[in-house]
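A closer look at the structure
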Amino acid sequence: MSMLTFNAIDVETANADRASICQIGIVHVRDGQIVDQWETLVNPEDWFDPWNIRIHGINENTVRNSPTLPKVRNELESRLHGTILVSHSHFDRTALERGMLKYELEQLQVTWLDSAMISRRAWPDQFRKGGSGLKNIAKYLSISFNHHDALEDARAAAEIVLHACHATGLDISEWLSRVKRPILPSPRVSRKSWISAKREGNIEGPLFGETVLFTGKLSVSRNEAADMAAKVGCNVVNSSSSKVTMLVLGTQNGNQLKGYKKSSKHREVEAIIAKGAEIQILSETDFYKLIDFES
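The paragraphs below set out a description of the structure included in this document. (Residues numbered from 1 in each chain as written. Predicted model: local features only at pLDDT ≥ 70, side-chain atom pairs only at ≥ 80, totals over all residues. Heavy atoms only, no water.)

**Describing the sheet that holds strand β7 (residues 235–237)**
Basically, it comes down to this: Strand pairing is defined by DSSP finding a minimum of two bridges between the two strands. To qualify as a helix, a DSSP run of H or I must reach at least 4 residues; to qualify as a strand, a run of E must reach at least 2; elements of each kind are numbered from the N terminus. Axes here mean lines fitted to C-alpha atoms, for a helix over just the part in contact, with angles spanning 0 to 180 degrees between N-to-C directions. In what follows, a contact means two residues having at least one pair of non-hydrogen atoms within 4.5 Å.
Strand order in this open sheet of 4 strands is β7-β6-β8-β9, and the pairing throughout is parallel. Every interior strand has two partners, whereas the edge strands, β7 and β9 (280–283), have only one. Each neighbouring strand pair of the sheet contributes to a mean axis angle of 30°, computed without reference to strand direction. In this structure, strand β8 (residues 246–249) lies alongside β9, joined through 4 bridges in parallel fashion. Across the sheet, residue L247 finds its bridge partner in β9, namely I281. Against the sheet, helix α9 (residues 222–231) makes contact with β6 (211–215) and β7, and its axis sits at roughly 160° relative to β6, the strand it touches most.

Take a look at the structure:
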């Protein structure tokens, strides 16, 4: 292997706004070995959703005396500037970008590499059609870790990349090129009817493998949102299930919530997550920023 040096990062957030970073974990890999680790809690100066608290155990009191993102910006820069930075899926990349925008900070100057996209190409029989969440891949590779702790998740992402490099013979520089190509040769784009908001994603899209469920009133029509999602590779479904990987929150109509604070789809997805599924919950704004960023 000519090049097995990179960093891996993971973040946890206080609520559905990806800018609400409350923990950051970084793992440094040099020549195929983990040589250093760094972790910090972050005060997001934002509210904590009880659901997020149940996932990672971090709350307002936990971060009360922790630094804000501007206070850790220099540490991030010194550790990551000019390096290849691995994150599992686009979540952490988007969160850091949104966090920097929130405080009007300069974006990190790194080369991003998605370990979920690597996994779908390293083990296509297992993951090309989905199931490429961190927990699922780590289980497949017998990687033990404490899920939803930022440092532990960063370590798991790093180990997944190292497994993929050894399994395929590709090094990090080669993976930077490989993830830009289709998972399999001769890709086919689905001709499925586009009558409803249900879609099958473009197999060549950068987010292929993600399954999106929309809830609430969106700023565009549901069909327009589904078209945009499918173009970048997302399957779009109309109902909640364990196959969903992203729930996108539009504006909720209080008159239709029947006394609840969240929609039925939102509550159903949270129940599925409680059973062990990995589903990201994000705002409509963050979703559009994500698909624009990835396209």
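More follows now that the structure is in view.
**Remarks on the packing of helix α4 (residues 115–122) against helix α7 (residues 150–168)**
Cut-off, in case you're wondering: Any angle from 65 to 115 degrees is called roughly perpendicular, while one under 35 is roughly parallel, one over 145 is roughly antiparallel, and all others are oblique. By definition, turning the near helix anticlockwise from the far helix through less than a right angle yields a left-handed crossing, and turning it clockwise yields a right-handed one.
The interhelical angle for the contact between α4 and α7, taken along N-to-C directions, is 30°, at an axis separation of 10 Å. In terms of axis orientation, α4 runs roughly parallel to α7. Along this stretch, α4 crosses α7, giving a crossing that reads as left-handed. Seen from α4, the contacting residues are S115, I118, S119 and A122; seen from α7, they are A157, I160, V161, A164 and T168.

The analysis is restricted to geometry; functional conclusions fall outside its scope.
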